[in-house]
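Structural description and commentary
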Amino acid sequence: MLDTGREELDRMRRLPAAWPELRHEAATDEDGDDYDRNAAKRAQVLWALQYDRRPGDLPLVRWLAEQEVFQGLTEETKLAGYLLAEFRQVDDVWLQWEIKGVDYDTWCGYDVEFLFAAGIQETIDFVRASAHPERDAVLGHLLDEEGQPIVSEQELADWFEHRRSYFPADPADEDEITWLDRARLLDDQALARHWLDRWADGRPRDRDTLTLLRHRLAEFGSYAEAAAAQRELLAFTRTAWESAAGWRSLAGLERRAGDLDASWAALRECRRVLDDVSGWTGAGLGHSYVEELFRLAADADGELARVVFTEAEHQSRAVSGLPPATLEAAAEAAGKAGDPARAAHYRALGQARIG
């Protein structure tokens with residue numbers, strides 16, 4: 001994984017004319033989702049820079065950070081911002097501000113310390129003396145109501161120490177989940193699974209381990225294994241709400257794994273537990289439970305499809321304001337159960353909600 005990045009970093013250092021090969025390039029996949037065609041190639045260079053950053057790399061790091069602006073809050077965006085921050089150049093406050101203001105996620109999750117990287121007073125003095133159009137907005141973010149910096153020098157030093165731990169200079173100090181995520185970004189599923197298995201090997205099957213395993217295994221499409229992890233996780237639920245949500249989650253995983261009888265059994269258990277959950281019919285848990293019933297009915301055949309569809313309709317009467325996605329699943333389930341009139345009814349309701 002790192003060899004390619006190191007080779008590319010060496011080439012970028014020698015050939016600045018090649019930098020545009022790593023530029024942000026908007027594209028749309030077959031599902032209609034937007035993505036950056038060069039995100040993975042650029043990420044490999046950023047990873048290599050994390051472990052081999054040199055004084056002369058500032059222009060390249062700055063250029064890479066400018067490309068990450070379009071990505072929102074990703075690990076690579078934070079890495080690019082950190083690499084830039086380590087150069088302590090006060091005029092980079094504008095680029096850091098641009099990254100922070102991309103969207104809601106960056107506004108909340110991209111640390112304000114990135115903007116202060118050159119030093120607290122140095123940054124404030126620089127921004128205050130600037131004629132930059134964002135001058136007042138940046139100052140308003142860096143200072144409190146009394147005109148004092150919202151970050152102290154000690155807090156900035158502590159932040160840098162934490163960032164250096166989060167982005168270690170030695171690849172041997174990275175944890176397995178970091179490598180897993182990087183392998184997924186490179187679309188190397190076999191390597192990603194290797195890192196997940198290595199992370200899980202010998203780890204106690206506690207709540208945190210099982211939660212991560214369930215999530216990651218589902219990402220791989222290993223739904224039967226994810227369902228097994230979720231079934232173990234049920235033993236750690238602390239409230240009726242958690243238990244009902246856990247059974248609903250298990251039902252979805254079993255359905256995706258193709259074990260429709262197990263999914264139906266999990267949904268029946270979910271409904272039993274919901275008796276102890278106050279107000280579930282008006283909450284998202286109620287919506288997701290009914291939606292899972294309809295989705296199971298749509299995936300099932302014969303008698304199971306009809307039985308589950310009947311139950312889904314019965315339970316849906318207690319839940320108001322079903323979202324369009326649930327109504328779409330209901331229409332599909334009605335068709336599978338051999339009830340075209342109800343299918344048309346749910347499609348009309350869904351269109352009314354959208355329109």
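Residues numbered from 1 in each chain as written. Predicted model: local features only at pLDDT ≥ 70, side-chain atom pairs only at ≥ 80, totals over all residues. Heavy atoms only, no water.

What follows concerns the packing of aromatic side chains. Counted by the stated rule, this structure contains 13 aromatic pairs. Summarising the aromatic geometry, the rings of Trp97 and Trp107 are spaced 5.5 Å apart at their centres and angled 75 degrees between planes, so their arrangement reads as edge-to-face. Of this pair, Trp97 sits in helix 5 (residues 93–100) while Trp107 sits in helix 6 (residues 104–109), and the two are ten residues apart along the sequence. Trp97 sits in the buried class, given a relative accessible area of 11%. Ring centres of Tyr110 and Phe114 lie 4.0 Å apart, and the angle between their planes is 10 degrees; on these two criteria the pair is classed as stacked. Both residues of the pair, Tyr110 and Phe114, count as buried. (Phe/Tyr/Trp six-rings, centres within 6.5 Å; stacked < 30°, edge-to-face > 60°. Helix = DSSP H or I, 4+ residues; strand = E, 2+ residues; numbered from the N terminus. Buried < 20%, exposed > 50% of the residue type's maximum accessible area, 1.4 Å probe, protein only.)

In this section: unusual backbone geometry. Of note, Arg88 is a non-glycine position whose phi angle comes to about 55 degrees, a positive value. Residue position: Arg88 is located in the loop between helix 4 (75–85) and helix 5. With phi around 60 degrees, Asp187 is a residue other than glycine that occupies positive phi space. As for its placement among the helices and strands, Asp187 is situated in the loop between helix 10 (176–185) and helix 11 (189–200). Taking the relative accessible area as the measure of exposure, Asp187 reaches 59% and is therefore exposed.

Our focus in this paragraph is the pattern of salt bridges. The full count for this structure, using the stated rule, is 33 salt bridges. Via salt bridges that share partners, Arg13, Asp52, Arg54 and Asp57 belong to a single interconnected network. (Salt bridge = Lys/Arg side-chain N within 4 Å of Asp/Glu carboxyl O.)

Structurally, Ser243 can be placed in helix 14 (residues 240–257). Contact partners of Ser243, with chain neighbours within four places excluded, come to Leu234, Thr237 and Val273. (Contact = heavy atoms within 4.5 Å.)

In this section: the side chain of Thr77. When you line up the elements, Thr77 lands in helix 4. Among the residues examined, Thr77 registers a relative accessible area of 1% and is labelled buried. When neighbours within four sequence positions are excluded, Thr77 is seen to be in contact with Glu68, Gln71, Gly72, Ile99 and Tyr110.

Below, the discussion takes up helix 18 (residues 324–336). Its 13 residues place the ends of helix 18 18 Å apart at the C-alpha level, agreeing with the 18 Å of an ideal helix rising 1.5 Å per residue. Buried-residue contacts for helix 18 involve helix 16 (284–299), helix 17 (302–316) and helix 19 (340–354). Positioned one or two residues after helix 18, Gly338 has a phi angle of 80 degrees, which is positive. (Expected span 1.5 Å × (residues − 1).)

Moving on: helix 12 (residues 207–219). Within an α-helix, residues lying three or four positions from one another point in the same direction, as the helix has 3.6 residues per turn. Helix length check: helix 12 (13 residues) gives 19 Å between terminal C-alpha atoms against 18 Å at 1.5 Å per residue, within 8%. Looking at helix 12, one finds that the buried residues are Thr209, Leu210, Leu213, Arg216 and Leu217. All buried residues of helix 12 lie within an arc of 140 degrees about the axis, which places them on one face of the element. Packed against the buried residues of helix 12 are helix 10, helix 11 and helix 13 (223–233). Trailing helix 12 by a residue or two, Gly221 shows a phi angle of about 80 degrees, which is positive. (Arc of directions from axis to C-beta.)

What follows deals with the packing of helix 14 against helix 15 (residues 260–274). At a closest axis distance of 8 Å, the pairing of helix 14 and helix 15 adopts a crossing angle of 165 degrees. The orientation of helix 14 with respect to helix 15, classified from their angle, is roughly antiparallel. Note that helix 14 runs across helix 15; the crossing there is left-handed. Contacts between helix 14 and helix 15 involve Ala240, Ser243, Ala244, Trp247, Arg248, Leu250, Ala251, Glu254 and Arg255 from the first element and Leu260, Ala262, Ser263, Ala266, Leu267, Glu269, Cys270, Val273 and Leu274 from the second. Broken down by class, the residue content of the contact of helix 14 with helix 15 amounts to twelve nonpolar, two polar and four charged. (Axes fitted to C-alpha atoms, helices over the stretch in contact; angles between N-to-C directions. Parallel < 35°, antiparallel > 145°, perpendicular 65-115°, else oblique. Left-handed = near helix turned anticlockwise from the far one by under 90°. Nonpolar A, V, L, I, M, F, W, Y, C, P; charged D, E, K, R; others polar.)

All right, on to the environment of Pro20 then. Following the sequence through the fold, Pro20 ends up in the loop between helix 1 (2–14) and strand 1 (26–28). Taking C-alpha positions, Pro20 is 32 Å from Glu219, a pair spaced 199 residues apart along the chain.

Structurally, Gly221 can be placed in the loop between helix 12 and helix 13. Residue Gly221 is classed as partly exposed on the basis of its relative accessible area, which comes to 37%. Separated by 47 residues in sequence, Gly221 and Glu174 place their C-alpha atoms 25 Å apart.

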